Amino acid sequence: SEDSQYTQGTMDSQDTNTGEINPSASPSFIEFIYPFDDHFASLASHQTVALEGMGLTAFDVVAELTEGRGGVFLPKGDNGLLKYVPSGREPSIIAYSRTGLPLKAKPKGQDQAHGKKVYKHLTDDVVRQLQSEAPVDFETQILPLVELELKQTYYDTYFQLHPELWKNLPAVHEGSANSGKSGNSAVLEDSTNSGNSAAPEDSTISANVADQKSRLALMESMVPQQDRFSLDAMLDPFSSFDMQTEETFRRSLENYLREDFLKAELGVAGSPEKAAMNTLRDIREQIAKLIDFKMLRGDSQQWLYHTYLPKIKWLSVGPPRSRIAEWLALSEAGVLTLNFGAAPECTAVDRDGVDRDGVDRDAAPSSGWILRSKTWPSYTRHADTLIQARIQVSDEIGNQPLVRNLLDQGLARLFDNDGYRPGGLEVTHDFQIIGRNGKPIGNLWATGILTEGERFYTFSLPSPGKTSRFDADAKAAVQSMFTTFGNHTHKAYEEPYEEPFKEPYDEQAEKIYNT
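These numbers come from a predicted model, not from an experiment.

Asks: Can you walk me through the overall build of the protein in this structure?
Replies: Tallying secondary structure elements over the protein gives 14 helices and 14 strands in all. In the protein, buried positions account for 52% of the 515 residues. The contacts in the protein between residues at least 6 apart in sequence include a share of 72% that link residues at least 24 apart.

The structure is reproduced here in structure tokens:
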């Protein structure tokens, strides 16, 4: 689900409702956009369309309503930027979201690095140590290590772009577990990769991480203040925007899109910021080992889903950089409006120009929708049709007829972590659905977004050369099916359930995937 969502729909801050919408009472509301031909044929060029969401689904909608209707993007220069030549068949498009900003562009070269990434702070040894302490707290025990990994990637990339800095940087001392180097940057190998099968002592793990942290602090001190890593600045781009009016905001937003595209063009090797954001994307798999199957406390998992996850998704799960160039060109051409700021109000208006609260809306020439900026309350626009340009999030899954029936019949129950319910179903480690009685259903399995909460970040798509947790989960479920039906046994109803895997799930899943 495209955006995490600061509310119970915790997977899409870009694609989250900013208000309650009742489709049955709406004048023109498209709740599900696929397939396009079934929904968009009636949208005429003289109409205005509002998109709720600025995530990946919204990019699909905008492409269909512009280039899909004969519009053409042409090169604007030699830097990859574009200009848009309308076909005349496009409707006027308004896009808005809770954050007020599109997702960040994926950088060039993002998916070219294959194989297992070696982390220097949130190492496999550290993960195993934290797993032994479960349930843990994400904000205090995991997040600081994640931020160190982002900073590490940022400065490693910065130093590669400024090789003169390396000569003043001492190597990690010989007593550490460091045994390899990547370029001039030390790489801390986990004990599992060093040929030593024995688990390291806690003191050794702490010393290794401390060595890397000290070295990172030294690297930072060698970088000019204006070039230093700041996650807070990345998470608050509005701090550099001119917020005086919606027009000054529009110009700031176009500059922001332009800068984001050009950094994405530099790629992970040419932009320290994009390299760090790529690590934020990759490290989800490492983080998941400390979240799946109640590794977090319930209140910590709630904080993660409602506060942190929206931010990391906005920064790290964006569209191809070409889409950002297209949105910039569409904004400059006046086809796409993006300047309503964060979380504008969207209200349905009846044919008499009165909204459902009985308030007269002068801006409404006919039935449809009124968008009102919260940043500039006098700024309003009328839209003929509202499109829910986001995909379903986990807290809405229980409203699906099939899932609702399973819950009503006791054939499933919602995942509950000490009172926190993200919305997905409870499953076993091999993805058998847990029934109301707390026992697995012998012939029902669930994977993907249906299991969000029990599993972490189930809605991400596979990347080339990297382990896909969706594929791994599906293979684990199928293996369980073969085992179950091969033995012709359905004892789950009568006997207490025993987990079939003796190893930690993440290792088992990786073996299944590699096989």
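Asks: I keep staring at the side chain of S331 and nothing clicks. Help me out?
Replies: Considering the arrangement of structural elements, one finds S331 in helix α11 (residues 321-332). Given the relative accessible area of 8%, S331 is considered buried. Here the side chain of S331 touches E254 through a polar contact of 2.7 Å, side chain to side chain. Not counting the four nearest positions on each side in its chain, S331 is found in contact with R250, E254, L336 and L338.

Asks: What is the right way to look at the side chain of T248 in this model?
Replies: Structurally, T248 can be placed in helix α7 (residues 246-266). In this structure the side chain of T248 is engaged in a polar contact, spanning 3.3 Å, whose partner is the backbone nitrogen of Q244.

Asks: Any chance you could explain the packing of aromatic side chains here in plain terms?
Replies: In this description, an aromatic ring pair is defined by two values, namely the gap between the centres and the angle between the planes. A complete count under the given rule lists 20 aromatic pairs for this structure. On the basis of an interplanar angle of 55 degrees and a centroid distance of 5.4 Å, the ring pair of F241 and F249 is categorised as tilted. For the pair F241 and F249, one class covers both residues: buried. Chaining the aromatic ring pairs together yields one cluster made of F238, F241, F249, Y256 and W376.

Asks: Sorry if this is basic, but what is going on with the sheet that holds strand β1 (residues 29-30) here?
Replies: The strand order across the open sheet built from 5 strands is β1-β12-β2-β5-β8, with neighbouring strands paired in parallel fashion. Of all the strands in the sheet, just β1 and β8 (336-337) have a single pairing partner and so form its edges. Pairing of strand β2 (residues 48-52) with strand β12 (residues 385-388), which is carried by 4 bridges, proceeds in the parallel orientation. Bridged to E52 within β12 is Q388. Contacting β2, β5 (92-96), β8 and β12, helix α2 (residues 56-65) crosses the sheet at an angle of about 160 degrees to β2.

Asks: I would appreciate a short explanation of the sheet that holds strand β10 (residues 368-372) in the present structure.
Replies: Strands pair in a sheet through their backbones, by hydrogen bonds, and they do so in one of two ways: parallel or antiparallel. Strand order across the open sheet formed by 3 strands is β9-β10-β11, with antiparallel pairing between neighbours. The open sheet has two edge strands, β9 (345-349) and β11 (380-383), and neither has a second partner. Taken over all neighbouring pairs, the strand axes of this sheet differ in orientation by 25 degrees on average, direction set aside.

Asks: Sorry if this is basic, but what is going on with the packing of helix α4 (residues 138-161) against helix α10 (residues 298-316) here?
Replies: Geometry of a packed helix pair, given as the angle between the helix axes and the separation of the axes. The geometry of α4 relative to α10 is characterised by a closest axis approach of 10 Å and an angle of 50 degrees between their N-to-C directions. Considering their axes alone, α4 and α10 lie oblique with respect to each other. Counting all contacts with α4, which are made through F138, E139, L143 and V146, the residues of α10 involved are S300, W303, L304 and Y308.

Asks: Can you walk me through the nonpolar core in this structure?
Replies: Considering soluble globular proteins, one finds that nonpolar side chains tend to be buried as a cluster. Among the nonpolar cores identified, the biggest contains 101 residues, and F40, L51, L122, F138, W327, I387 and F456 are the most heavily contacted of them. Ranked by residue count, the leading element in this core is α4, at 11 residues. Discounting residues that sit within four places of it in the chain, F40 has contacts with I30, I33, V61, E64, L65, R69 and I387. By size, the runner-up hydrophobic cluster in this structure holds 14 residues, among which are I397, L407, A412 and V427.

Asks: Explain the environment of A210 to me, please; I cannot follow it from the model alone.
Replies: Here A210 lies in helix α5 (residues 202-221). What makes A210 partly exposed here is its relative accessible area of 37%. It is 8.6 Å that separates the C-alpha atoms of A210 and H121, two residues lying 89 residues apart in sequence.

Asks: Looking at this structure, how should I read a nonpolar patch on the surface?
Replies: A cluster of nonpolar side chains, namely V72, L74 and V85, defines an oily patch on the protein surface of about 200 Å² accessible area. You can see L74 is positioned in strand β3 (residues 72-75).

Asks: Would you mind showing me how to read the pattern of salt bridges here?
Replies: When the charged atoms of two side chains with opposite charge come close together, those side chains can pair. Counting across every chain of the model gives 27 salt bridges. One salt bridge in this structure joins K120 and D156, with 3.3 Å as the shortest N-O distance. In this pair, K120 sits in the loop between β5 and α3 (124-131) while D156 sits in helix α4, placing the two residues 36 residues apart along the sequence. Note on K120: relative accessible area 6%, which makes it buried. On the accessibility criterion, D156 (15% relative accessible area) is buried. R250 is the partner of E254 in a salt bridge, and the nearest nitrogen-oxygen pair spans 2.8 Å. On the criterion of helical spacing, the pair formed by E254 and R250 is a turn pair, its members being 4 residues apart in helix α7. Taking the relative accessible area as the measure of exposure, E254 reaches 8% and is therefore buried. Because the salt bridges share partners, they merge into one network encompassing K104, E259, D260, K263, E273 and K274.

Cut-offs applied
- Residue numbers here run from 1 along each chain, matching the order of that chain's written sequence.
- This being a predicted model, a pLDDT of at least 70 is required before a residue's local features are given, and a value of 80 or more before pairs of side-chain atoms are given or counted; all residues contribute to the totals for chains, interfaces and linings.
- Side-chain measures were taken over the full set of non-hydrogen atoms in the model, leaving aside hydrogen atoms and water.
- For the purposes of this entry, the term helix denotes a DSSP run of H or I that reaches at least four residues, the term strand denotes a run of E that reaches at least two, and both are numbered from the N terminus.
- Exposure is judged per residue with a 1.4 Å probe applied to protein chains only, and the accessible area is read against the type maximum: over 50% gives exposed, under 20% gives buried, and values in between give partly exposed.
- Every residue pair with non-hydrogen atoms within 4.5 Å of one another is taken to be in contact.
- For the purposes of these results, a polar contact is taken to be a pair of N or O atoms within 3.5 Å, where, inside protein, one atom must be able to donate a hydrogen and its partner to accept one; residues adjacent in sequence count only when each atom of the pair is a side-chain atom.
- A pair of aromatic rings is counted whenever rings of Phe, Tyr or Trp (Trp by its six-membered ring) have centres within 6.5 Å, and the orientation is called stacked for planes under 30 degrees apart, edge-to-face for over 60 and tilted otherwise.
- DSSP calls a pair of strands paired once it identifies at least 2 bridges connecting them.
- Lines fitted to C-alpha atoms define the axes here, with helix axes fitted over just the stretch in contact, and angles between the N-to-C directions of these axes take values from 0 to 180 degrees.
- Roughly parallel covers angles under 35 degrees, roughly antiparallel covers those over 145, roughly perpendicular covers 65 to 115, and oblique covers all other angles.
- Grouping buried Ala, Val, Leu, Ile, Met, Phe, Trp, Tyr and Cys residues that are joined through side-chain atoms within 4.5 Å yields what is termed a nonpolar core.
- Candidate patch residues must exceed 30% relative accessible area and have no salt bridge, after which like charges are joined if within 9 Å and Val, Leu, Ile, Met, Phe, Trp or Tyr side chains if within 5 Å.
- In short, Shrake-Rupley with a 1.4 Å probe defines the accessible areas, and a residue's cover is counted only from the protein chains shown.
- Every case where a carboxyl oxygen of Asp or Glu lies within 4 Å of a side-chain nitrogen of Lys or Arg is listed as a salt bridge.

From the geometry alone we can't say anything about function, so treat these as descriptive.
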